[in-house]
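The residues making up each chain are set out below.
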Amino acid sequence: MQRRSRGINTGLILLLSQIFHVGINNIPPVTLATLALNIWLFLNPLKSLYNSCLSVEKCYQQKDWQRLLLSPFHHADDWHLYFNMASMLWKGINLERRLGSKWFAYIIITFSLLTGVVYLFLEFALAEFMDEPDFRRNCAVGFSGVLFALKVLNNHYCPGGFVNVLGFPVPNKFACWAELVAIHFISPGTSFAGHLAGILVGLMYTHGPLKKIMETCAGMFSSNIAYPEQRYYFNSSGYSGYQDSYPYGRPGHYAEVPRNYDVYTAGLSEEEQLERALRASLWDRATVCPVLYQILGSREKCQSGSLPF
């Protein structure tokens, strides 16, 4: 099947440039796999947009339920792909580090399906309430709804601070609603119901029963799916890897356990990491130098760093 856009895909080039600028080794695996899947399906779509987009008419009335799986991972053009995946890149890095790769993958799958279901419900309700059958024909495609759900999670875990929306500072806890309105003010052709569905799914997770339902289902099918406590190690360019461990044995416990930042440094910014490293270096020198002075008989050798090992 032919690609949906012709000529140079500037948005795709910018996206790949941004991914390589961050560094593939610096992107957690589920986030990287999600980016790769969306890029692959943009270049090699399983079906056309007309046959993969989600609508009440196509999905519910014609029983074409596979659209629930196809629609989130297909995009209209390269710029649609770029803006969605650039947002996914940063949200994914932050949330996957916090929640762990296994649970984050579980969230991506659940949110992708549930956002589509809520979207269908909203469009059906609008069609019935307003007696307007065109709402049943509205067809949505793209990862935007899932991103709005992830935005709710990200703001839930980082409630403080402000974001800039159309030049106005908005508290994080209201950012989703402000961006929902702003996007449709700037680009009225986007799917308002699709984005709203994402926000509702995110709220179902953070303030509703969805998280507990997911925990129950995870416990029924596998005892290994949990919020892992992730241990990160850093190199000179920042985050470079991770290890999953499950010392507490159940989902949700990770957020309840105080972090030991002397061991787990994922919560520190690069400036805080540098400051901690400098303090540790100064402490080591202040502690070791008096001992080496007795051995070497030369304070200058110790302070200059010209040690015999």
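Residues numbered from 1 in each chain as written. Predicted model: local features only at pLDDT ≥ 70, side-chain atom pairs only at ≥ 80, totals over all residues. Heavy atoms only, no water.

Comments concerning the state of the cysteines
Here is the idea: a disulfide is a covalent bond, and it sits between the sulfur atoms of two cysteines. Under the defined criterion, the tally for this structure stands at one disulfide. There is a disulfide in this structure between cysteine 53 and cysteine 139, and the S-S distance comes to 1.9 Å. Here the disulfide of cysteine 53 and cysteine 139 is right-handed, its torsion about the S-S bond being about 85°. Here cysteine 139 lies in the loop between helix H8 (134-137) and helix H9 (144-157) and cysteine 53 lies in the loop between helix H3 (49-52) and helix H4 (56-61), a separation of 86 residues in the sequence. For cysteine 53, a relative accessible area of 8% gives the class buried. (Disulfide = S-S within 2.5 Å. Helix = DSSP H or I, 4+ residues; strand = E, 2+ residues; numbered from the N terminus. Buried < 20%, exposed > 50% of the residue type's maximum accessible area, 1.4 Å probe, protein only.)

So, the confidence of the model for the protein
When pLDDT is averaged along the protein, the result is 76, and 69% of the positions lie at 70 or above. The secondary-structure element of the protein with the lowest mean pLDDT is strand E4 (residues 238-245), recorded at 34, while helix H2 (residues 29-43) shows the highest, at 96. Counting interchain partners and residues more than four positions distant, the pLDDT-below-50 stretch residues 227-271 has 98 contacts. (pLDDT = per-residue confidence, 0-100. Contact = heavy atoms within 4.5 Å.)

Details of the pairing of strand E1 (residues 162-165)
Bridge analysis of E1 against strand E2 (residues 168-171) gives four bridges, and the strand direction is antiparallel. When the bridges of E2 are listed, asparagine 164 appears paired with proline 169. The antiparallel hairpin formed by E1 and E2 contains two residues in its connecting segment, where leucine 166 sits at a positive phi of about 55°. (Pairing = 2+ DSSP bridges.)

Observations concerning H2
With 15 residues, H2 extends 21 Å between its outermost C-alpha atoms, agreeing within 8% with the 21 Å of an ideal straight helix rising 1.5 Å per residue. Packing partners of the buried residues in H2 comprise helix H1 (10-22), helix H6 (78-99) and helix H7 (101-129). (Expected span 1.5 Å × (residues − 1).)

Observations regarding the pattern of salt bridges
Applying the stated criterion across every chain, the model contains five salt bridges. Between glutamate 57 and arginine 137 there is a salt bridge whose closest N-O contact spans 3.7 Å. You can see glutamate 57 sitting in helix H4 and its partner arginine 137 sitting in helix H8, a full 80 residues away along the chain. Residue classification places glutamate 57 among the partly exposed residues on the basis of a relative accessible area of 24%. Take arginine 137: its relative accessible area is 44%, and that puts it in the partly exposed class. Within the structure, one salt-bridge network assembled from shared partners comprises Glu57, Asp134 and Arg137. (Salt bridge = Lys/Arg side-chain N within 4 Å of Asp/Glu carboxyl O.)

A short note on unusual backbone geometry
Phi is positive for lysine 63, which is not a glycine, with a value near 60°. Looking at the element boundaries, lysine 63 is found in the loop between H4 and helix H5 (67-70). A relative accessible area of 52% places lysine 63 in the exposed class. For aspartate 131, which is not glycine, the phi torsion reads 50° and is therefore positive. Mapped onto the secondary structure, aspartate 131 falls in the loop between H7 and H8.

Looking at the nonpolar core
Side chains of nonpolar character tend, in soluble globular proteins, to be buried together. Core analysis: the largest hydrophobic core is formed by 55 residues, its most contacted members being Met88, Ile107, Phe111, Leu150 and Tyr205. Considering each element in turn, this core owes the most residues, 10 residues, to H7. When sequence neighbours within four positions are dropped, the list of residues in contact with leucine 150 reads Met88, Lys91, Leu95, Phe104, Ile107, Ile108 and Phe111. (Core = buried A, V, L, I, M, F, W, Y, C linked by side-chain atoms within 4.5 Å.)

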